[in-house]
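Geometric and topological summary
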Amino acid sequence: MPDALFHRDGDLFLPTEAARSPWSERALHGGPPGALIARAIEAMEGDRWWVVRLTIDIMAEIPVVPLRVETGLERSGRRVQLVEGRVTDTGGATLMRAFAWRVRRTGPLPLPPPVDPPPPTPPLPDTLPPYELRFRNYADFYGDGVEKRLVAGDVARPGRATVWFRLRVPVLPGETPTPLQTLMAVVDSANGISWALPFEEWLFPNTDLGVYLAREPEGEWIALDAASYLDPGGRGISDTALFDTKGFVGRANQALFLDQR
């Protein structure tokens, strides 16, 4: 196993085998570049702000090539900010485009008890056995880059599934991944664990990823409770509840393109 998802070479991020997609040996899984975007956003005065929404548009299949990550402030304010992020190749082609709304850290505020309680926390990962499932016979992010614990469903069969994920290696050598980096790395697997049609006969890649956070994630583990909903017209969505070991964190959605192989 490599020692990280990426190695640094100046302003370039060099992907390792642990960042590859399980669907193509020539492509990266969407999660590791998403973690790079989260890392870059957190570096922008991250101790004063936290992300309440992070959306990523996947502009093209992300090849296994050196990547650049750029961020900029689209809207500045005293209470909210809009940050833009991009992942590009060395030729400047945009592979991912992201927008993050951040709110200023305040509180603790004297809120009343919640009117609608959040979804219940799944059984915690330390109460569950390791779960391993490989889609391919080469090293990739889903098979090698993350540790997994199956809560409900069965990733080997179609339908809703709930899985805990933890990064086996950091995003970069010598850095401890933040909870947001871990979340953005694993959440792109939602449509993969909740598949509804056989991979050998159907394509259902996601064109984007939208994450809404009700609170700041904590710890090493993130759980996805994911379901996919498909339409005969050739589209679908995944809908996912997100948890850490303290409880409900937020929700994520993916738009899916659907077609026969």
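Above this text you will find the structure in question.
Residues numbered from 1 in each chain as written. Predicted model: local features only at pLDDT ≥ 70, side-chain atom pairs only at ≥ 80, totals over all residues. Heavy atoms only, no water.

**So, the overall build of the protein**
Scanning the protein for helices and strands turns up four helices and 14 strands. For 261 residues, the compact-globule estimate of 2.2 N^0.38 gives 18 Å, and the C-alpha radius of gyration of the protein, at 18 Å, lies within 12% of that figure. A principal-axis box enclosing the C-alpha atoms of the protein has dimensions of 50 × 50 × 40 Å. Taken over 261 residues, the protein has a buried fraction of 50%. Contacts in the protein between residues at least 24 apart in sequence constitute 64% of all its contacts with a sequence separation of at least 6. A total of about 12,500 Å² of accessible surface is found on the protein, and carbon and sulfur atoms cover 53% of it. Across the protein, the 28 positively charged side chains and the 34 negatively charged ones have centroids separated by 5 Å. (Helix = DSSP H or I, 4+ residues; strand = E, 2+ residues; numbered from the N terminus. Rg over C-alpha atoms; globule rule 2.2 N^0.38 Å. Buried < 20%, exposed > 50% of the residue type's maximum accessible area, 1.4 Å probe, protein only. Contact = heavy atoms within 4.5 Å. Areas by Shrake-Rupley, 256 points an atom, 1.4 Å probe, with all protein chains shown as cover. Lys, Arg positive; Asp, Glu negative; His and termini not counted. Charge placed at Lys NZ, Arg CZ, Asp CG, Glu CD.)

**So, helix H3 (residues 179–186)**
Along H3, seven of the eight residues are buried, which leaves the element largely enclosed by surrounding structure. Leu-180, Gln-181, Thr-182, Leu-183, Met-184, Ala-185 and Val-186 are the residues of H3 that are buried.

**Thoughts on the pattern of salt bridges**
Throughout the structure, instances matching the rule amount to 18 salt bridges. The residue Arg-157 makes a salt bridge to Asp-154 at a minimum N-O spacing of 2.7 Å. Across the pair Arg-215 and Asp-244 runs a salt bridge whose closest N-O atoms are separated by 2.5 Å. Taken together, the residues Arg-215 in the loop between strand E10 (208–213) and strand E11 (222–231) and Asp-244 in strand E12 (residues 235–244) connect sequence positions 29 residues apart. On the accessibility criterion, Arg-215 (21% relative accessible area) is partly exposed. A residue is classified by how much of its surface remains accessible, and Asp-244, at 0% relative accessible area, is buried. What you see here is one network of salt bridges that share partners, running through Glu-147, Arg-149, Arg-166 and Glu-220. (Salt bridge = Lys/Arg side-chain N within 4 Å of Asp/Glu carboxyl O.)

**A word on unusual backbone geometry**
Residue Pro-108 is reached from Gly-107 by a cis peptide bond, and omega for that bond is 5°. Looking at the element boundaries, Pro-108 is found in the loop between strand E6 (94–104) and helix H2 (141–145).

**Side note on the packing of helix H1 (residues 31–42) against H3**
Direction vectors running N to C along H1 and H3 enclose 155°, while the axes themselves pass 7 Å from each other. Judged by the angle between their axes, H1 and H3 are roughly antiparallel. Crossing of H1 against H3: the hand is right-handed. In this structure, H1 contributes Gly-31, Pro-32, Gly-34, Ala-35, Ala-38, Arg-39 and Glu-42 to the contact, and H3 contributes Leu-180, Gln-181, Met-184 and Ala-185. Considered class by class, the residues forming the contact of H1 with H3 number six nonpolar, three polar and two charged. (Axes fitted to C-alpha atoms, helices over the stretch in contact; angles between N-to-C directions. Parallel < 35°, antiparallel > 145°, perpendicular 65-115°, else oblique. Left-handed = near helix turned anticlockwise from the far one by under 90°. Nonpolar A, V, L, I, M, F, W, Y, C, P; charged D, E, K, R; others polar.)

**Observations regarding the nonpolar core**
Grouped together as the largest cluster of nonpolar side chains are 63 residues, with contacts concentrated most on Phe-6, Val-155, Leu-183, Met-184, Ile-193 and Val-211. Here the element with the most residues in this core is H1; it accounts for six residues. By size, the runner-up hydrophobic cluster in this structure holds seven residues, among which are Trp-164, Trp-221, Ala-241 and Phe-243. (Core = buried A, V, L, I, M, F, W, Y, C linked by side-chain atoms within 4.5 Å.)

**Here we look at H1**
Counted at 1.5 Å a residue, the expected span for H1 with its twelve residues is 16 Å, and the 16 Å between its end C-alpha atoms agrees. Along H1, the positions that sit buried rather than exposed are Gly-31, Pro-32, Pro-33, Gly-34, Ala-35, Leu-36, Ile-37, Ala-38, Arg-39, Ala-40 and Ile-41. (Expected span 1.5 Å × (residues − 1).)

**A look at the layout of surface pockets**
Taken as a whole, the largest pocket spans an internal volume of roughly 700 Å³. Ser-21, Trp-23, Glu-61, Pro-205 and Asn-206 are, among the 29 residues lining the largest pocket, the residues nearest its centre. Those elements giving two or more residues to the lining of the largest pocket turn out to be helix H4 (190–193) and strand E9 (202–203). Considering only residue class, the lining of the largest pocket consists of 17 nonpolar, nine polar and three charged. (1 Å grid on protein atoms, 1.4 Å probe; cavity = no way out; pocket = protein on both sides within 12 Å on 5 of 7 lines; lining within 4 Å. Points joined across faces, edges and corners; volume = space filled by probe spheres on them.)

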